[in-house]
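Listed below, chain by chain, are the residues.
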Protein chains: 6
Amino acid sequence: MTPLIEYDQASPEVRAVYDDIMATRQTDYINNMWKALANHPPSLQRTWARVKELMGGPGAIDPMVREMIYIAVSVTNNCSYCIATHTAAARAKGMSEEAFGELMAIIGLANETNRLANGYRIEVDERYR
Amino acid sequence: MTPLIEYDQASPEVRAVYDDIMATRQTDYINNMWKALANHPPSLQRTWARVKELMGGPGAIDPMVREMIYIAVSVTNNCSYCIATHTAAARAKGMSEEAFGELMAIIGLANETNRLANGYRIEVDERYR
Amino acid sequence: MTPLIEYDQASPEVRAVYDDIMATRQTDYINNMWKALANHPPSLQRTWARVKELMGGPGAIDPMVREMIYIAVSVTNNCSYCIATHTAAARAKGMSEEAFGELMAIIGLANETNRLANGYRIEVDERYR
Amino acid sequence: MTPLIEYDQASPEVRAVYDDIMATRQTDYINNMWKALANHPPSLQRTWARVKELMGGPGAIDPMVREMIYIAVSVTNNCSYCIATHTAAARAKGMSEEAFGELMAIIGLANETNRLANGYRIEVDERYR
Amino acid sequence: MTPLIEYDQASPEVRAVYDDIMATRQTDYINNMWKALANHPPSLQRTWARVKELMGGPGAIDPMVREMIYIAVSVTNNCSYCIATHTAAARAKGMSEEAFGELMAIIGLANETNRLANGYRIEVDERYR
Amino acid sequence: MTPLIEYDQASPEVRAVYDDIMATRQTDYINNMWKALANHPPSLQRTWARVKELMGGPGAIDPMVREMIYIAVSVTNNCSYCIATHTAAARAKGMSEEAFGELMAIIGLANETNRLANGYRIEVDERYR
C-alpha cells in the first residue's frame, strides 16, 4: 500500500490542496485517495483540480447523474476503491436504492450487449455512422 | 460478419420480436443488432425483452440518463457499435452537445482515476466499506 | 498496419516456422497474424510454439472447447482479429450454430454478472475461499 | 459491502427465488451473490432466471464446459467473486486439475495474443471476414 | 464519426490551442484527435495541457519511454487510434524495430500473467504488501 | 486461494525451476506466483522461461523500463498481485519515486485519452495508418 500523507506531515503545497478539498466539500475529512496522491504533489493538484471542476462545478449534467456515470465506469473496470467512494457520493447526492438497483442492471446489460455486438461482429448501421 | 436476417426471411418467432421493436419504438427500422441476434432466436428474445424493460420501461432513472450510463460502459469497453447507436439514442432523448462533451470528460476522468487508485494501491477508507 | 512478410521474402528462420504451420495445419495458407509477427522472429517462434502446443497438442480439454474458451476471452477483450479467426477455427472443429449462439449468450451473461458482483461489492462466501 | 438478505428476513418474492435456487441445485445453501441481489428483487429474479436457463438448462454445450467459458470471462475481467464460485462449480461438474491448468494456460495465451493482434494492427484475412 | 473542426472554421479559443500544438511540436499538422476534441473546447484545452506537460515536458522518464508506456496502455485497452499515433510518436523519438518487437512481447506477457494471477487467486506475498 | 507448493513438497521438475529462479535472481525467496503455478508444472516451466527471457535477458529495452511497461499493463488491468510485485521489482532496478509518480500519471492519461478517442469515434489520420 502507498503510505498516506496526513495533514500535519504534509508540505505547504499539499496542505493547500487538502484545505481546498475540505472547504469545497464542507468537511474535515480527507479521503485516502488524496492522502496517497499526495506522494506526488503534481498528481494531487492536477487530479483534484479536474475532480473539483468536472464532478462539482457548474455544468449541463446533474451532479448526482455525474456520480452514476462515474460508477458505471468504475464498476466496468472493477475499481473497488472508486465503486465504494462514488456509490457513497451518489447516495449523498440523492440516489435512491431503487435507482441504485436500476443503475446496476443497466451497467450489467450494457456489459452483456457490448459482448454480443463484439461476438456477432455487427457492422454499424449506415444511419449511425 | 454475421449474416443479417431481414423481416421477410424471418421465422414467425423472429418476426414477432421485430414487430414488437417497431411498435415499441414507433419506427419501421430494425437495427443490425437485432438482425444479427435473430440468428439465435432465444438470444434475440431475451435481449430485446431486457432492453425494452430496462432502457424503455418505467423506472427511477430518466431514459436519457439511462442512455448516458449505457454510453459510459460502452466507451469504457470500446464497443463501437454500441457507442454509435446509443449516442444516437441519447441525442434523440434530448442529450445536448454540451452534455455529450461533459459525459466524455467524466468517462475519461473516471477511467484515469480508476488506474490511479489501482496503481497507488489505496485501501478503502473505513467509512466507505 | 504492420507490413506482412510473405514466404518468398522471409528469412530461413521465418520460413521454418511457416513450414511448420503449414505442415501442422495441413494447409498452404499462412494467416496474417503470423506474417505480421514475422517482423520480430523471436515473437513469431515463441507464439507459434505455444499456440501449437496449447491449441493443437494433446491435453485434457477437447480442441473445439479450447477454441470456445479462446473466443470467450477474445470477445470479452473485443479483439476483432482473434474473434474472426478463432470462430472460424471453432466451426472447423465442429462448433454448431446452436453452440455458437449459446456460447455468445454465456459470454454475455458472465460479462453482466461480473459487473453485478463488482457493483454490489459481494464478499466471497467462506466456503469458496 | 451490500447487506445480505437472509431467508427469514426476505419478502415472499425473494423467498420464492431462494426456494427455486435450493430446489434446482438440490442444496440448502444460498450464495452471497443472491443474498446481495435480493436488495433489488427484479434483478434477483431476472439474473437467476437467466443463470438457471443458460448454465443449467438443456443446450448444445456440456454444463462443465459452460462453467469453463464463464471462468474464461471472469478471469479476463478479474472478477474474484465469480472466479471463486464458478471454479468451484466447474470442479463440482467434473473439471480435473489437469483441465484447470490447461484452462488457465489457454486464457493466458488468448489474453496475450489478443494484444499482439492489437499492437501489430493486423488486418483480418479476406477469408475470415 | 465526430465532425473535425478545421483551423479556419475554429473559434479563437480553439485556434489558440491549435497554434500552441503546432508551435510545441514544430509542425503545421493537427491530428484528428484535437480536431474532434475541438467540438468541446474545455476538453480540448484540458487534454492538450496535460498531454503537453506529461508527454513533452521535463521529467524523470525519457520521452521515448513515455510513449512506450502510453502504447502499453493503449494496446491493453485496444484503442486503435492511440496505438497508431503513439507508435508513430515513439518511432519518431527513436524506438527501434527491435525495441518495438520487445515492447509487444512484454505487453503480451503481462496481459497473460495478469490472468494467471487472477485465475490462480494468488495472495500477495507478505513482503510485497 | 490456490495451495502454494513449497520447495520440500515439490517434484524434481518443479524444484529445477525453483532452483533456476533462485540462481537467476540470486535470492533464496520464491514468490507465491511460482508456488501457485507449480500446481501445473508445464505452466510453471513455460511462464518462468518467458519471464526469464523477456524481463531479464539481453534486449533493446532497459530492464527497469521493462518493469515500467509491465506495471502499465498491470495497472490498466487492475491485477493487484502483479502491481505489487512489479512495482517492487522496478524500484529494485532503480525506479525513483519521481519516476513512479510520472509513470502513474502517464498511465492515467492514456487510460483517459483512450476513452476520449473511443467516445468521439475518431478516424485514424491518413498518415498514421
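Residues numbered from 1 in each chain as written. Chains lettered and ligands numbered in written order. Predicted model: local features only at pLDDT ≥ 70, side-chain atom pairs only at ≥ 80, totals over all residues. Heavy atoms only, no water.

K.L.:
Help me understand the interface of chain D and chain E, please; the structure alone is not making it clear to me.
P.N.:
If you look at the interface, chain D gives 19 residues, while chain E gives 19 residues. In total, about 1,700 Å² of surface goes out of reach between chain D and chain E, with carbon and sulfur atoms giving 61% of it. The interface formed by chain D and chain E holds zero salt bridges in total. Among the elements that take part in the side of chain D that touches chain E, helix α6 (residues 97-119) of chain D stands out by supplying twelve residues, more than any other. The class makeup of the residues in the side of chain D that touches chain E is nine nonpolar, seven polar and three charged. (Contact = heavy atoms within 4.5 Å. Buried area = accessible area lost by both parts, 1.4 Å probe. Salt bridge = Lys/Arg side-chain N within 4 Å of Asp/Glu carboxyl O. Helix = DSSP H or I, 4+ residues; strand = E, 2+ residues; numbered from the N terminus. Nonpolar A, V, L, I, M, F, W, Y, C, P; charged D, E, K, R; others polar.)

K.L.:
I tried to follow helix α4 (residues 63-77) of chain F on my own but got confused; where do I start?
P.N.:
Side chains three or four residues apart in an α-helix point the same way, a direct result of the helix having 3.6 residues per turn. Residues and elements named next belong to chain F. The end-to-end C-alpha separation of α4 is 21 Å, in line with the 21 Å expected for 15 residues at 1.5 Å each. Counting buried positions along α4 yields 14 of 15 residues, so the element is predominantly enclosed. With a side-chain oxygen lying 2.8 Å from the backbone nitrogen of Met 64, the N-terminal cap of α4 falls on Asp 62. Just past α4, the residue Asn 78 takes up positive phi, approximately 55°. (Expected span 1.5 Å × (residues − 1). Buried < 20%, exposed > 50% of the residue type's maximum accessible area, 1.4 Å probe, protein only. Polar contact = N/O pair within 3.5 Å; in protein donor to acceptor, adjacent residues only side chain to side chain.)

K.L.:
Explain the relation of the copies chain D and chain E to me, please; I cannot follow it from the model alone.
P.N.:
With an RMSD of 0.0 Å, chain D superimposes on chain E once it is rotated by 180° and translated 0.0 Å along the axis. Expressed as an axis order, the relation between the two copies is that of a two-fold axis. Considering only C-alpha atoms, the residue of chain D closest to the rotation axis is Glu 112 of chain D, which sits at 2.5 Å. Take the interface residues of chain D: 100% of them recur as interface residues in chain E, which is what a same-surface contact looks like. (Least-squares fit on C-alpha atoms with pLDDT ≥ 70 in both.)

K.L.:
How should the state of the cysteines be read in this particular structure?
P.N.:
Chemically, a disulfide is nothing more than a covalent bond linking the sulfur atoms of two cysteines. Residue and element names in this part refer to chain D. On inspection of all chains with the given rule, the structure shows six disulfides over all chains. Note on cysteine connectivity: Cys 79 is disulfide-linked to Cys 82, with sulfurs 2.5 Å apart. Because the sign of the S-S torsion sets the handedness, a value of about 50° for the bond joining Cys 79 and Cys 82 places this disulfide among the right-handed ones. Classification of Cys 79 as buried rests on a relative accessible area of 2%. (Disulfide = S-S within 2.5 Å.)

K.L.:
Help me understand the packing of aromatic side chains, please; the structure alone is not making it clear to me.
P.N.:
Aromatic rings in a pair are described by how distant their centres are and how their planes are angled relative to each other. Overall, the coordinates contain 24 aromatic pairs over all chains when judged by the stated rule. A ring pair is formed by Trp 34 of chain A and Trp 48 of chain A, whose centres lie 5.5 Å apart and whose planes are at 85°; its orientation type is edge-to-face. In this pair, Trp 34 of chain A is assigned in helix α2 (residues 32-37) and Trp 48 of chain A in helix α3 (residues 41-56), connecting sequence segments 14 residues apart. Of the two residues examined, Trp 34 of chain A and Trp 48 of chain A, each falls in the buried class. Seen from their ring centres, Tyr 7 of chain E and Tyr 18 of chain E are 6.3 Å apart, and the 35° between their planes marks the pair as tilted. Linking Tyr 7 of chain E in the segment before α1 (12-25) with Tyr 18 of chain E in helix α1, this pair joins segments that are eleven residues apart in sequence. Here the guanidinium or amino end of Lys 35 of chain E rests over the ring plane of Tyr 29 of chain E, the centre of that ring lying 5.9 Å away. (Phe/Tyr/Trp six-rings, centres within 6.5 Å; stacked < 30°, edge-to-face > 60°. Lys NZ or Arg CZ within 6 Å of the ring centre and 35° of its normal.)

K.L.:
When you look at the packing of helix α3 (residues 41-56) of chain C against helix α3 (residues 41-56) of chain F in this model, what are you seeing that I'm missing?
P.N.:
For any two helices packed against each other, one specifies the inter-axial angle together with the distance between the axes. Running from amino to carboxyl end, α3 of chain C crosses α3 of chain F at an angle of 175°, the nearest separation of the two axes being 13 Å. Of the possible angle classes, the one that applies to α3 of chain C and α3 of chain F is roughly antiparallel. Each of Arg 46, Arg 50, Glu 53 and Leu 54 of chain C in α3 of chain C lies in contact with α3 of chain F, whose residues at this interface are Arg 46, Arg 50, Glu 53 and Leu 54 of chain F. Residues that form the contact of α3 of chain C with α3 of chain F fall into these classes: two nonpolar, no polar and six charged. (Axes fitted to C-alpha atoms, helices over the stretch in contact; angles between N-to-C directions. Parallel < 35°, antiparallel > 145°, perpendicular 65-115°, else oblique.)

K.L.:
Help me out: how do you make sense of the pattern of salt bridges in this one?
P.N.:
Think of it this way: side chains of opposite charge can pair up when their charged atoms draw near. With the rule as written, the count across this model stands at 54 salt bridges over all chains. Across the salt bridge formed by Lys 35 of chain E and Glu 6 of chain E, the nearest N and O atoms sit 2.9 Å from each other. Here Glu 6 of chain E lies in the segment before α1 and Lys 35 of chain E lies in helix α2 (residues 32-37), a separation of 29 residues in the sequence. Here the salt bridges share partners, and the residues they tie into one network are Arg 50 of chain A, Glu 112 of chain B, Arg 50 of chain E together with Glu 112 of chain F.

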